[in-house]
Amino acid sequence: MNLLAPLGWLGRITFELLSMFGAVSLFAARAISHIFRPPYYPRELMISLLNVGWLSLPVVGLTAIFTGGALALQIYAGGARFNAEAVVPQIVAIGMVRELGPVLVGLMIAARVTSSIAAEIATMKVTEQIDALVTLSTNPMKYLVAPRVLAALITVPVLVGIGDIIGIAGGYTVAVQNLGFNPAAYLRNTVDFLEMRDIVSSLVKGAAFGGIAAVMGCYYGMNSGRGAQGVGRATKSSVESAAILILAANFVLTGVFFSL
Amino acid sequence: MILMENVQKSFDDNHVLRGMNLEIPKGTSMVIIGGSGTGKSVGLKCILGLIKPDAGRIMVDGKDASKGDRDKFLARFGMLFQGGALFDSLPVWQNVAFRLLRGSLKRPVEEAREIAIEKLRRVGLKSDVADRFPAELSGGMQKRVGLARAIAAEPEIIFFDEPTTGLDPIMSGVINDLIREIVVEMGATAMTITHDMSSVRAIADNVAMLHDGVIQWTGPVSQMDSSSDPYLEQFITGSAEGPIEAVR
Ligand SMILES: Nc1ncnc2c1ncn2[C@@H]1O[C@H](COP(=O)(O)OP(=O)(O)O)[C@@H](O)[C@H]1O
Ligand SMILES: [Mg+2]
């Protein structure tokens, strides 16, 4: 009896995780289907594009430039141990475009966008604004969720692309200013080395991570508990699960793009 | 006509509605009274389909409220929420005109704004609040904006959840008159929740008292004072002594 208790516990956790996964998937599928069916709310979409895309630029830029710079320093120091300092441009390019660009931008979006979506929608839920929307014949999935998810799907790949470029620029600056690289050679090495596949994978990851970030914010917001505590809990859980899902999705997508 | 038959709703082990029966004839004003937390708001939300009852049936004009076209169904309703439930990302006039700016009742923006300002005037708010945001208004003003939003599209059926709570006596009088007017002039069916006995007398054709999850007493407002129901009597007189436990 007692011996089997952990088994039951494990079973319950597994069951809860699976049903949660099912609920989130269903929610995501509904959100995406609402993107394509009228009525559309262009004003809400514009506001979301502004919030998710434009206003995230400073955070994305700063994250990328420091990471690119640090990356160049590390590769130079590591490469020097076996006389391979010259690979800095190639490794910075691959590291930023394939992994660090999408992952860091994804995590920053989870911190910035997922949390604000979850807190806003959860507050609307606990103050009956969602109920009010429904009674005013407006579907919250279309009015609140669809524009946010669509905005993230459009803008986060662009943010990732910008992050990649700024990251490479950060590496370039450090390499040219501090490590004595030839500017023209650095750029040529970067451009020659990157393949189409690297860039496509970067942008696809961006879209996936953006979608995850927006969907998790909306899901936890719409399912928030009551009161201020409910809002707090929804916000915390949304960021946690968005971050974990982004990292897991990154692993899967890297496998799909580079080991097949 | 709205008909609730044996409507039941629990949240976990909190049995809120235990078989609510109520009939509201078309074009009349029903007022629901009862202690706070007895499930009056939950009852209204069940009719609108915002909360799904565990059991029972709700009919509107002879049709099951949970079936059929939701949009068409909801387009007939206006609702004032207990907490106002204004959209804080939109200025006041866009809150009031929300329905008139999108969907099947859409009109030109200028016309929608004019209607919004006219409705604001009817609830005693000047046109200078139109461009402010809900968070900049006092609680009583927010309540009145919510009221203006509920009546903006001139719905056939209007629910008011505590329309006068938080208002001064004079403003309460204005709102009571307005609700009465809407029923008499527009022929709307109204259902109002209130704790305020002077509101009850000003608004109601019929009164129903909710207690312990069921309608304890219902009848025309004229018979309210002559009723010998001990629950109703205690509520009207506001006495701490009686069958309704006042936990202290
Ligand atoms: N969404 C909900 N989830 C859980 N409990 C709820 C919910 N809505 C209302 N309740 C509970 O139902 C009871 C009745 O609430 P309500 O209808 O708001 O009372 P009132 O008669 O004052 O309007 C309360 O105990 C409240 O805690
Ligand atoms: Mg209530």
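(A) Structural detail: the overall build of chain B. When you go through chain B residue by residue, the secondary structure sums to 8 helices and 10 strands. For chain B, whose C-alpha radius of gyration is 18 Å, the value lies close to the compact-globule estimate of 18 Å for 248 residues. Each principal axis of the C-alpha distribution contributes one length, and for chain B these read about 55 × 40 × 35 Å. Within chain B, the fraction of its 248 residues that count as buried is 52%. A fraction of 63% describes how many contacts in chain B between residues 6 or more apart in sequence connect residues 24 or more apart.

(B) Molecular detail of a nonpolar patch on the surface. The grouping of M196, I199, V200, L203 and V204 of chain A at the surface amounts to a nonpolar patch, some 400 Å² of accessible area in total. For L203 of chain A, a relative accessible area of 36% puts it in the partly exposed group.

(C) The arrangement of the layout of surface pockets in detail. By volume, the largest pocket is sized at about 1,300 Å³. Lining the largest pocket are 43 residues, and of these D131 and R226 of chain A together with F11, K45 and I51 of chain B sit closest to its centre. Across the lining of the largest pocket, the residue classes break down as 13 nonpolar, 17 polar and 13 charged. Approximately 680 Å³ is the volume found for the second largest pocket.

(D) Inspection of the site of ligand 1 at higher detail. The environment of ligand 1 is made up of R226 of chain A together with F11, N14, V16, G35, S36, G37, T38, G39, K40, S41 and V42 of chain B. More than one chain reaches ligand 1: the nearby residues come from chains A and B. R226 of chain A places a side-chain nitrogen or oxygen 3.4 Å from a nitrogen atom of ligand 1. One nitrogen or oxygen atom from the main chain of G37 of chain B is found 2.7 Å from an oxygen atom belonging to ligand 1. Computed on the free molecule, ligand 1 has an accessible area of 560 Å², of which 70% lies beneath the protein chains in the complex. With respect to the pocket detection grid, ligand 1 is positioned in the largest pocket. Elements supplying a minimum of two residues to the shell around ligand 1: β2 (14–24) and α1 (40–48) of chain B.

(E) Focus on the nonpolar core. Residue and element names in this part refer to chain B. The biggest cluster of nonpolar side chains holds 84 residues, and the ones touching the most others in it are M20, L22, F159 and M191. Aside from chain neighbours lying at most four places away, what touches M20 is M4, E5, N6, V7, I32, L210, G213 and I215. Core analysis: the second largest hydrophobic core is formed by 47 residues, I115, A116, A148 and A204 among them.

(F) Broad picture of the pattern of salt bridges. Residue and element names in this part refer to chain B. This structure, assessed with the given rule, holds 20 salt bridges over all chains. For the salt bridge of D61 with K26, the shortest nitrogen-to-oxygen distance reads 3.8 Å. Residue D61 is found in the loop between β4 (55–60) and β5 (63–64), and its partner K26 is found in the loop between β2 and β3 (29–33); the two are separated by 35 residues along the sequence. One salt bridge in this structure joins E156 and R76, with 3.0 Å as the shortest N-O distance. Here the residue E156 occupies a position in the loop between α5 (139–151) and β7 (157–161), and R76 occupies one in the loop between α2 (70–75) and β6 (77–80), the gap between them amounting to 80 residues. Overall, the relative accessible area of 37% leaves E156 in the partly exposed class.

(G) Just the coordination of the magnesium ion (ligand 2), in detail. Residues and elements named next belong to chain B. Donor atoms from the polypeptide that coordinate the magnesium ion (ligand 2) comprise S41 (OG) and Q82 (OE1), at 2.0 to 2.1 Å from the metal. Here Q82 lies in the loop between β6 and α3 (92–96) and S41 lies in helix α1, a separation of 41 residues in the sequence. Using a relative accessible area of 18% as the deciding quantity, one classes S41 as buried.

(H) A look at the packing of helix α8 (residues 196–222) of chain A against helix α9 (residues 227–258) of chain A. Residue and element names in this part refer to chain A. Contact pair α8 / α9: the axes reach a minimum separation of 9 Å and the direction vectors enclose 155 degrees. Between α8 and α9, the crossing angle belongs to the class labelled roughly antiparallel. For the pair α8 and α9, the crossing hand works out as right-handed. Its residues placed into classes, the contact of α8 with α9 shows 16 nonpolar, 7 polar and 3 charged.

(I) Layout of the sheet that holds β5 of chain B. Residue and element names in this part refer to chain B. The antiparallel open sheet is built from 4 strands, whose spatial order is β2-β1-β4-β5. Each edge of the open sheet is held by one strand with a lone partner, namely β2 and β5. By the bridge criterion, 2 bridges tie β4 to β5 in an arrangement that is antiparallel. The residue bridging V60 from the neighbouring strand is K63, located in β5. The strands touched by α1 are β1 (2–11), β2 and β4; relative to β1, the strand with the most contacts, the crossing angle is about 115 degrees.

Calculation notes
- Residues numbered from 1 in each chain as written.
- Chains lettered and ligands numbered in written order.
- Predicted model: local features only at pLDDT ≥ 70, side-chain atom pairs only at ≥ 80, totals over all residues.
- Heavy atoms only, no water.
- Helix = DSSP H or I, 4+ residues; strand = E, 2+ residues; numbered from the N terminus.
- Rg over C-alpha atoms; globule rule 2.2 N^0.38 Å.
- Buried < 20%, exposed > 50% of the residue type's maximum accessible area, 1.4 Å probe, protein only.
- Contact = heavy atoms within 4.5 Å.
- Patch = residues over 30% accessible without salt bridge, like charges linked within 9 Å, V, L, I, M, F, W, Y side chains within 5 Å.
- Areas by Shrake-Rupley, 256 points an atom, 1.4 Å probe, with all protein chains shown as cover.
- Salt bridge = Lys/Arg side-chain N within 4 Å of Asp/Glu carboxyl O.
- 1 Å grid on protein atoms, 1.4 Å probe; cavity = no way out; pocket = protein on both sides within 12 Å on 5 of 7 lines; lining within 4 Å.
- Points joined across faces, edges and corners; volume = space filled by probe spheres on them.
- Nonpolar A, V, L, I, M, F, W, Y, C, P; charged D, E, K, R; others polar.
- Near = heavy atom within 4 Å.
- Polar contact = N/O pair within 3.5 Å; in protein donor to acceptor, adjacent residues only side chain to side chain.
- Sits in = over half its atoms within 2 Å of the grid points.
- Core = buried A, V, L, I, M, F, W, Y, C linked by side-chain atoms within 4.5 Å.
- Donors = N, O, S within 2.8 Å, 3.2 Å for Na, K, Ca; no water.
- Axes fitted to C-alpha atoms, helices over the stretch in contact; angles between N-to-C directions.
- Parallel < 35°, antiparallel > 145°, perpendicular 65-115°, else oblique.
- Left-handed = near helix turned anticlockwise from the far one by under 90°.
- Pairing = 2+ DSSP bridges.

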